[in-house]
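Below, each chain spelled out in residue letters.
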Amino acid sequence: MAEQTLTLEQPWEDVGLLRRIWRGRRWYGAEWYITVAGGVLLTLILLMTFLAPVLAPFDPIKTVGGRFTPPGGGKQWLIAEAENEAIQRPEDLAGRKVGVLPDTTGEVLAEELGAEVVYYPSMLKAFQGLTRRRPEVEALIVEPEAAGNFMKTYGRFVRQVGPPFGPTFVLGTDNLGRDILSRIIWGARSVLLVAILSALFSSVVGVPLGLLSGFWGGKLDRVLSLVMDSIYSFPGLILAIAMAAMLGPGVLNIAVAIAVVYIPTYFRIVRGQTLSVKEELYVEAARSLGARARTILWLYVFPNVIPSIVVLFSLNVADSILTEAGLSFLGLGLPPPTPDWGFDLNKGKAYLPNGYWWPITFPGLMITLVALSFSLLGEGLGEILNPRLTES
Amino acid sequence: MRSLRVYIITRILLTIPMLFILVTLVFFIMRVLPGDPVKAIIRPGAPQEYIDEIRHTLGLDRPLLVQYVDYLGDLVRLDLGTTLAPVRGRSVLQDLKDKFPATLELSLAAILVASLVGIFTGVQSAYHRRSTLDYGLRLYSIVIYTIPVFWLGLMLQLIFSVKLGWLPVYGRVDTLDMAPRTITGLYVVDSILTRNKESLINSLQHLILPALTLGLYLSGVFTRLTRSNMLDVLRQDFITAARARGIAERAVIYRHALKNAFIPVLTMMGLQFALLLAGAVLTESTFTWPGLGRLLVERIEYRDFPTVQGAVVFFALLVSLVSLIVDIIYAYLDPRIRY
């Protein structure tokens, strides 16, 4: 009988991690959902980051299509002279003269197919090039909308070869004809690298300083606190701007510029917690047993600070992502052509009055999603790990 | 009142070391970091004499300690040096003074938006605690903070300026002759003072989107602060007493509770000033708003070292000054705050 009871009431330790997390929703309520939402979002984003080479349909730094192809666009029509039987498939274009309009996907495709490219300034000129008595080109590669009108008017003299061919740009292309989807996917790598690196730098400097300052107190504490408070009071972005401007572009430089801004945050929280943990009874007990200061700091104080550091780290990464994006938006981020969301927004901004909405919409959405995932995770964990701070 | 005076004097004295540290930090960022300021200014291939001349003009050929003492001395006399580019020899302080009103106008309008949105949502969130509305608003305060402020601006521009065509995309006024005669430098205020209706409408149209952008960005923080302060106040006895006296619920919330929750919110607003400035730099860049942030970014592009340094020092002064003023107001309002 006793054995049965054991199997019925499975001990807590035997339950798998995932199931334990799943059970947690019952007593944490809203905070649990916030944390899990952040966690799931973050997992998806990390997955995207690691699978970037598989997921990205194109090379993020190469011109793969026309300028400002709208989302979903990219397919091209191949138009040949009605009587010309030599051209039946796009592959037949190799070595032949093909007419395109500059800065279009047709241009890229013609080059890929090994055709000799002739540029025309307008559709009309292209048509003339194709249908003159002595044609300059044997075929045209044109955008669907233009081709539609074209066929309506001149259908008698030309024929359309096969179904539309070429790539599809799900999120469109930017001012240089680069695929936005691929840039977004690869951009996650650069942004996360900078953000996590900078958060690591900040914590590695801020946490030990906070521990020492809180534990030993005295003059060191007063000086450090004053310095940290001064930096803390200063607008972080402006400090980062000044540092990034002096250090110049580069992953490490940007990470350092952002890291300095967040050191005081770690320092303040860790120092505060150390001050309160220091007074706990178990620390006094350890001290009366003759434990050395280093042992107390490392084995008794530090473990109690870890939950706060975890929360802080998550929020710090969220903030770093936003700061990095801000720096690159101001042109102080990673050196181009590295895919970088903030910089893409900066470039896209100039074309906003022309109504090109896609180059500025999607990178910003990604920044928000990634920052949000870390932020939700941090907020939720903060309330779960530090219930005392929660205002019921 | 004597103790208040003591508090104010102590508070001012405490600002000095803080300012000193910030100013020192700026000095070292600009000189000790691996990036050589002169190399940053000069484009590759410049003749050596020119490099030496710039180095001499900036005083960078002297020992670091001498430079530091000189720098502090200049700061005390409010001398921020002269510009290098795009025009050489202008007073940096004058440039900053010229651009400051634009930033001030944007910031004040943004604070207005943030307070209206933040306080209203905060009160609602606290009053309907643990309801769907509360969770929704708490989520709002998290999400709005993680939306990059410059992207929020771009999206508003896209919708209201480009697609709908309701509001202008860039700048403070359409053309410079639309700007009112300068009195305070705040276009809206100047337009009213000079009774210039045309420029009032024009400058308001230009102000709406940037103010909304920066205001919404800050509103999330205000929502949170108002919510937690309101929760504290709503729990107190005088609220129960007010309700028992049969005072209308709306009056209890807005007249009795909010008034008491407001003082802490006010100080917190002061602390958010740094966030406001950082947001303003990005917002100005999005809307080509000719303020301090735009100046800073523009001069970084021109590699105008003295102005960049001056602007950062100016921001440091501004932050310290605002936090000083807010603390003094707080102490004045709340007699418990004394040293």
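Residues numbered from 1 in each chain as written. Chains lettered and ligands numbered in written order. Predicted model: local features only at pLDDT ≥ 70, side-chain atom pairs only at ≥ 80, totals over all residues.

## Describing the pairing of strand E4 (residues 139–142) of chain A
Successive residues of a regular strand alternate their side chains across the two faces of the sheet. All names here are of chain A. Of the two faces of E4, the one holding Ala139 and Ile141 and the one holding Leu140 and Val142 are both buried throughout. Inspection of the sheet shows strand E1 (residues 76–81) paired to E4 by four bridges, in the antiparallel sense. The residue of E4 that forms the bridge with Trp77 is Val142. In this structure, strand E2 (residues 97–100) lies alongside E4, joined through two bridges in parallel fashion. The residue bridging Gly99 from the neighbouring strand is Leu140, located in E4. (Buried ≥ 20, exposed ≤ 12 C-beta atoms within 10 Å, placed from the backbone. Helix = DSSP H or I, 4+ residues; strand = E, 2+ residues; numbered from the N terminus. Pairing = 2+ DSSP bridges.)

## Let's talk about the environment of Val158 of chain A
Residue and element names in this part refer to chain A. One can find Val158 in strand E5 (residues 158–165). Val158 gets classed as buried once you count the C-beta atoms within 10 Å, which come to 22. Other than its neighbours up to four places away in sequence, Val158 contacts Ile79, Ala80, Glu81, Ala82, Leu130 and Thr131. (Contact = placed C-beta atoms within 7 Å.)

## A word on the sheet that holds E2 of chain A
Residue and element names in this part refer to chain A. Spatially, E3-E2-E4-E1-E5 is the arrangement adopted by the five strands of the open sheet, whose pairing is mixed. Since the sheet does not close on itself, it has two edges, and those belong to strand E3 (116–119) and E5, each with one partner. Across this sheet, the average inter-strand angle for adjacent strands is 30 degrees, counted without regard to direction. (Axes fitted to C-alpha atoms, helices over the stretch in contact; angles between N-to-C directions.)

## So, the interface of chain B and chain A
With 42 residues of chain B in contact, the opposing surface of chain A contributes 41 residues. Counting residues per element, the ones that place at least two in the side of chain B that touches chain A are helix H1 (2–31), helix H6 (132–146), helix H7 (149–163), helix H9 (197–234), helix H12 (273–287), helix H13 (292–302) and helix H14 (305–333) of chain B. Of all the elements, H1 of chain B adds the most residues to the side of chain B that touches chain A, at eight residues. Along the lines of polarity and charge, the residues of the side of chain B that touches chain A split into 36 nonpolar, six polar and no charged. (Nonpolar A, V, L, I, M, F, W, Y, C, P; charged D, E, K, R; others polar.)

## Details of the domain arrangement of chain B
Residues and elements named next belong to chain B. What the domain assignment lists for chain B is domain 1 (2–76) and domain 2 (99–338). Placing a centre on the C-alpha atoms of domain 1 and another on those of domain 2 gives a separation of 31 Å. Listed as interface residues are 18 residues of domain 1 and, on the opposing side, 13 residues of domain 2. Among the elements of the structure, H1 and helix H2 (37–41) are those that each provide at least two residues to the side of domain 1 that touches domain 2. (Domains from an automatic or database assignment.)

## Some details on the environment of Ile254 of chain A
Residue and element names in this part refer to chain A. The residue Ile254 is located in helix H11 (residues 251–278) in this model. The class of Ile254 is buried, set by 31 C-beta atoms lying within 10 Å. A sequence separation of 41 residues divides Ile254 from Thr295, and the C-alpha atoms of the two residues are 36 Å apart. If we skip the residues at most four places from it in the chain, Ile254 touches Val194, Ala244, Glu324, Leu327, Gly333 and Leu334.

## Things to note about the nonpolar core
In this structure, Ile238, Ala240, Ile241, Ala242 and Ile321 of chain A together with Ala110 and Leu277 of chain B are the most contacted members of the largest nonpolar core, which totals 152 residues. Both of domain 1 (2–76) and domain 2 (99–338) of chain B provide at least three residues apiece to this core. Counting 29 residues, the second-largest nonpolar core is a separate cluster that includes Phe58, Val98, Leu109 and Phe127 of chain A. (Core = buried A, V, L, I, M, F, W, Y, C linked by C-beta atoms within 7 Å.)

## Some words on the confidence of the model for chain A
All names here are of chain A. Looking at chain A, pLDDT values average 83 and 94% of them are 70 or higher. Taken element by element, the predicted model of chain A shows its lowest mean pLDDT in helix H1 (residues 2–8) (47) and its highest in helix H8 (residues 180–216) (92). Low pLDDT, under 50, characterises residues 1–9; the stretch is placed with zero contacts to residues that sit more than four places away or in other chains. (pLDDT = per-residue confidence, 0-100.)

## Some remarks on the packing of H6 of chain B against H9 of chain B
Residues and elements named next belong to chain B. It is the contact of H6 with H9, at a shortest axis distance of 8 Å, that shows an interaxial angle of 140 degrees. The orientation of H6 relative to H9 falls into the category oblique. Crossing angle aside, the handedness with which H6 passes H9 is left-handed. Residue-level inspection shows Leu137, Tyr140, Ser141, Ile144 and Tyr145 of H6 in contact with H9, the latter providing Leu216, Tyr217, Ser219, Gly220, Val221, Thr223 and Arg224. Within the contact of H6 with H9, the residues separate by chemical class into seven nonpolar, four polar and one charged. (Parallel < 35°, antiparallel > 145°, perpendicular 65-115°, else oblique. Left-handed = near helix turned anticlockwise from the far one by under 90°.)

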